[in-house]
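# Per-entry structural report
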Amino acid sequence: MTIAELYNAVAQLGFEDSLGDEGTDRFIHAVNRAMLRVAAIRPATSSYVINHRPLNNLLGDEFKYYEKTADKLVITGANAKSLYFEYSGQGILTVKLKRKDSESYWSAGTVVLPKSEGFKSQRGLIKTNNGLFVTSDDEYSGEIYLEFEGDYRLALRNVALYDVLLSDQVSDIPAFSEYIPYDMASLVDDFKSFLSPPLLIDEQFVKLDKGFYIEAETKILLPYSWSGTYRIEYNVKPTLITVFSEDVLKSAEIIDLDDDLCALLPLLIASYIWLDDEPEKAQYYDAQYQIQAAEIINRERNRMPVEFKSVYGW
């Protein structure tokens, strides 16, 4: 069904060739509202593949909690190019690099950690005074010391050192967390919602239904330990009409819904258009819409489910 065909169908429900200026304005405002409602009857689905391979933490894969109980807390590592941690409280961080053939150190930088009641994340690149990473600077041994000091309480968690970079931007240094979030709304343009329940299929085509979490309706959190490739299936948001004009009413643009769902749109839009001026007519068309929508829903419920098999045959 095209937009022009939809407009004509709605007009004919009013026994007219046109809805007039006021009716046309109501039609324009009702189209997207009706499309979203009808699409919910049988949401179209799609999938997105996430290459979930968190960087290796040189400090290990344990999610430790640290608290500075003395004047100084020192965390050591080697051959890292970047760091990440989360802190609560306040203090000062100094990053020191050990020189080769010497007990001396060079301070790669000092960062003041302002008071924070909750845990606040910090990221940074680690470079020598020559502007190189310790792995490529012959003057340094590669040993790295993270010295946290200060007179006040300071707690740390999710401390990580990475020897791999995703880019030269500090903002791209990944968080070290037990669960890694992926915001589907920012990854795909047509995301509406996750399937219920959400469906993940790993690189061996095995269906996963637990072990992950959904946050804020658009984010899926995968465990850090689940390194691999995952296909996330989701409900698709129909393509809505974004530019309205008189020309749109004559448009041959195809409405982004299946044919049987498109057939419901004239009734639903008509119920919206005449709700104020002719409530009885609006109620009649809404009732007809409910009857036809129920028939589609019943057909969907009685449809034989697709059997899912893993590569192992079960």
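For the structure given in this document, a descriptive report is provided here. Worth saying up front: this structure is predicted, and the values here are computed from it rather than measured. (Residues numbered from 1 in each chain as written. Predicted model: local features only at pLDDT ≥ 70, side-chain atom pairs only at ≥ 80, totals over all residues. Heavy atoms only, no water.)

### Quick notes on unusual backbone geometry
Convention followed: Counting from the N terminus, the helices are the DSSP runs of H or I reaching at least four residues and the strands are the DSSP runs of E reaching at least two.
A positive phi angle is found at A216, which is not glycine, with a value near 55°. For A216, the location among the structural elements is in the loop between strand 11 (213-215) and strand 12 (219-223). Positive phi, normally seen in glycine, also occurs at E217, with a value near 70°.

### Observations concerning the environment of A270
Defined as follows: Whether two residues are in contact is decided by their heavy atoms: any pair within 4.5 Å suffices.
By secondary structure assignment, the location of A270 is in helix 5 (residues 265-273). For the pair A270 and Y284, spaced 14 residues apart in the sequence, the C-alpha separation amounts to 9.7 Å. Contact partners of A270, with chain neighbours within four places excluded, come to V10, L13 and Y285.

### Focus on the nonpolar core
Put simply, the rule reads: Definition used in this section: a nonpolar core is a set of buried Ala, Val, Leu, Ile, Met, Phe, Trp, Tyr and Cys residues joined via side-chain atoms within 4.5 Å. Three exposure classes are used, based on accessible area relative to the maximum for each residue type with a 1.4 Å probe and protein chains only: buried under 20%, partly exposed in between, and exposed over 50%.
Counting 35 residues, the largest nonpolar core has F27, L257, L265 and I269 as the members making the most contacts within it. Y84, F191, Y224 and V236 belong to the second-largest nonpolar core, a separate cluster that totals 24 residues.

### Regarding the sheet that holds strand 8 (residues 179-183)
Filter applied, for reference: Two strands pair under a simple rule: DSSP has to find at least two bridges between them. To obtain each axis, a line is fitted to C-alpha atoms, and for helices this fit is confined to the stretch in contact; angles are then taken between N-to-C directions over 0 to 180 degrees.
Pairing in this open sheet of 3 strands is antiparallel, and the strands run 8-12-11 from one edge to the other. Strand pairing shows two members of the sheet lacking a second neighbour, strand 8 and strand 11, which therefore form its edges. The mean inter-strand angle of the sheet, taken between neighbouring strand axes irrespective of direction, is 30°.

### Some details on the pattern of salt bridges
Inclusion rule: Salt bridge criterion: a side-chain nitrogen from Lys or Arg within 4 Å of a carboxyl oxygen from Asp or Glu.
As enumerated under the stated definition, the model contains 12 salt bridges in all. Between R153 and E67 there is a salt bridge whose closest N-O contact spans 3.0 Å. With R153 in the loop between strand 6 (140-149) and strand 7 (154-162) and E67 in strand 2 (residues 65-67), this pair connects stretches of sequence that are 86 residues apart. Accessibility expressed as a relative area gives 31% for E67, which makes it partly exposed. Across the pair R157 and E86 runs a salt bridge whose closest N-O atoms are separated by 2.7 Å. Of the two residues, R157 sits in strand 7 while E86 sits in strand 4 (residues 82-99), which places them 71 residues apart along the sequence.

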